[in-house]
Amino acid sequence: MTVAQVVARAKSLGVRGSVSDHISRDAPTTLGSVESIERYLDALESYDVLRGGEFCWHDALWRELPAHVVRRFTHRLGSLHSIRLANGSFFRAFSAQLPAELTAAVYMEAHVSSMETLATDMPVDILAHPTLVPPPFRELDPHELWTEALEERAVHACLANALVFEISARYPPHERLVRRMMESGVRLSLGSDGHRPDQVANIAVPLALARRLGVCDDDLYDPTRHGSRTGAFDA
Ligand SMILES: [Zn+2]
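None of these values were measured; they are calculated from a predicted model.

## A few points about the overall build of the chain
Regarding its fold elements, the chain presents 10 helices and eight strands. Relative to its length of 235 residues, the chain is compact, with a C-alpha radius of gyration of 17 Å against a globular reference of 18 Å. In terms of overall dimensions, the chain has a C-alpha envelope of 50 × 40 × 35 Å along the principal axes. Partitioning the intrachain contacts of the chain with sequence separation of at least 6 by distance along the chain shows that 70% fall at a separation of at least 24.

## Things to note about the environment of Ala104
Tracing the sequence through the fold places Ala104 in helix α4 (residues 104-121). The partly exposed category is assigned to Ala104, around which 17 C-beta atoms lie within 10 Å. Through-space distance from the C-alpha of Ala104 to that of Asp217 is 35 Å; in sequence the pair is 113 residues apart. Residues contacting Ala104, with those up to four places away along its chain left out, are Phe137, Leu140, Glu144 and Leu145.

## Let's talk about the environment of Val7
Looking at where Val7 falls in the secondary structure, it is placed in helix α1 (residues 3-12). Between the C-alpha atom of Val7 and that of Val19, which follows or precedes it by 12 residues, the distance is 8.4 Å.

## Thoughts on helix α9 (residues 204-212)
The set of residues buried in α9 consists of Pro206, Leu209 and Ala210. Around the axis of α9, the buried residues are gathered within 100° of arc, so they sit on the same side. For α9, exposure combined with an orientation more than 90 degrees from the buried face picks out Ala208, Arg211 and Arg212. Packing partners of the buried residues in α9 comprise β7 (164-168), α8 (175-184) and β8 (188-191). After α9 finishes, the residue Gly214 shows a positive phi value of roughly 80°.

## A closer look at the packing of helix α7 (residues 148-160) against α8
One can describe the packing of α7 onto α8 by two numbers: an axis separation of 10 Å at closest approach and a directional angle of 40°. One element, α7, and the other, α8, form an angle in the oblique class. Judged by the twist between their axes, the crossing of α7 over α8 is right-handed. Every residue of α8 that contacts α7 at Glu151, Val155, Cys158 and Leu159 is listed here: Leu177, Arg180, Met181 and Ser184.

## Remarks on the sheet that holds β8
Pairing in this open sheet of six strands is parallel, and the strands run β1-β2-β3-β6-β7-β8 from one edge to the other. Looking along the sheet, the strands with just one partner apiece sit at the ends: β1 (18-23) and β8.

## Here we look at the nonpolar core
Membership of the largest hydrophobic core comes to 48 residues, with the highest contact counts inside it found for Leu80, Met115, Leu127, Cys158, Phe165 and Met181. When residues in this core are grouped by element, the largest group, five residues, is from α4.

## Some remarks on the pairing of strand β2 (residues 50-56)
Taken across its seven residues, β2 has six buried, putting it largely inside the fold. As judged from the six bridges shared by β1 and β2, these two strands associate in the parallel manner. Within β2, the residue paired with Ser18 across the bridge is Leu50. Following the backbone out of β1, through helix α2 (residues 34-44) and into the adjacent parallel β2, one traces a crossover that is right-handed. Taken together, the three bridges between β2 and strand β3 (residues 77-79) define a ladder with parallel strand orientation. If you follow Cys56 over to β3, its bridge partner there is Ser79.

## A word on α2
Restricting attention to buried positions, one finds in α2 the residues Ile37, Tyr40 and Leu44. The buried residues of α2 occupy one face: seen down the axis, they fall within an arc of 55°. Summarising the geometry of α2, the exposed residues directed more than 90 degrees from the buried face are Glu35, Arg39 and Asp42. Its buried side turned inward, α2 meets α1, β1, β2 and α3 (67-70).

## Quick look at unusual backbone geometry
Its identity is not glycine, yet His129 carries a phi of approximately 25°, on the positive side. Secondary-structure assignment places His129 in the loop between β6 (126-127) and α5 (135-138). Here the phi dihedral of Ala201 falls at roughly 65°; this positive angle occurs in a residue that is not glycine. Here Ala201 shows up in the loop between β8 and α9.

The rules we used
Residues numbered from 1 in each chain as written. Predicted model: local features only at pLDDT ≥ 70, side-chain atom pairs only at ≥ 80, totals over all residues. Helix = DSSP H or I, 4+ residues; strand = E, 2+ residues; numbered from the N terminus. Rg over C-alpha atoms; globule rule 2.2 N^0.38 Å. Contact = placed C-beta atoms within 7 Å. Buried ≥ 20, exposed ≤ 12 C-beta atoms within 10 Å, placed from the backbone. Arc of directions from axis to C-beta. Axes fitted to C-alpha atoms, helices over the stretch in contact; angles between N-to-C directions. Parallel < 35°, antiparallel > 145°, perpendicular 65-115°, else oblique. Left-handed = near helix turned anticlockwise from the far one by under 90°. Pairing = 2+ DSSP bridges. Core = buried A, V, L, I, M, F, W, Y, C linked by C-beta atoms within 7 Å. Right-handed = clockwise from strand over helix to strand, strands pointing away.

Spelled out as structure tokens, the structure:
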């Protein structure tokens, strides 16, 4: 879709949208260099749309962006598309095959530990799809994956680093975790994570969850009101 189509689609759904393409050397995207990122921002600046970007924590590109480029983003998202295992190696969160030693408990310990490092190291605003796990684990009851102790650690990581927790339409978090985030004072964001035209700007499912929990619209993250670690709104 063109930017104009994305903006029109969001408007038709009554959504104030942002474009948040993948920006990484290890994701299906062409945004893998500082030059291409500047062209992306040039394009978005012609439209009335927030300028986001979803960066892979495990890829170094976000570390290489000069401050003047970072400031052009209205906000940024950080993702655990790969997590770091206890032995220091990285493991892709999209892997359909899991080695036998990578049990759900071992994986989740590494997932939350990676999240804690992302939260302290990565100057992003939103933690994208915080409950993304490899396909075999998606079949399990999330309460089997997430112990309350792991949830508390995730809450602390977000709270201590002012990281916004995304309710993703693509990888919906379970209600208990979202409630724990909300009750602890972690700000929430609604994400379509749209990869197809019919998914773009469709936040119906995340919105319904936020409504069920009594989240006010004004509490939802809005970079223009709540600011951004990119510095876009600093005087
Ligand atoms: Zn992602």
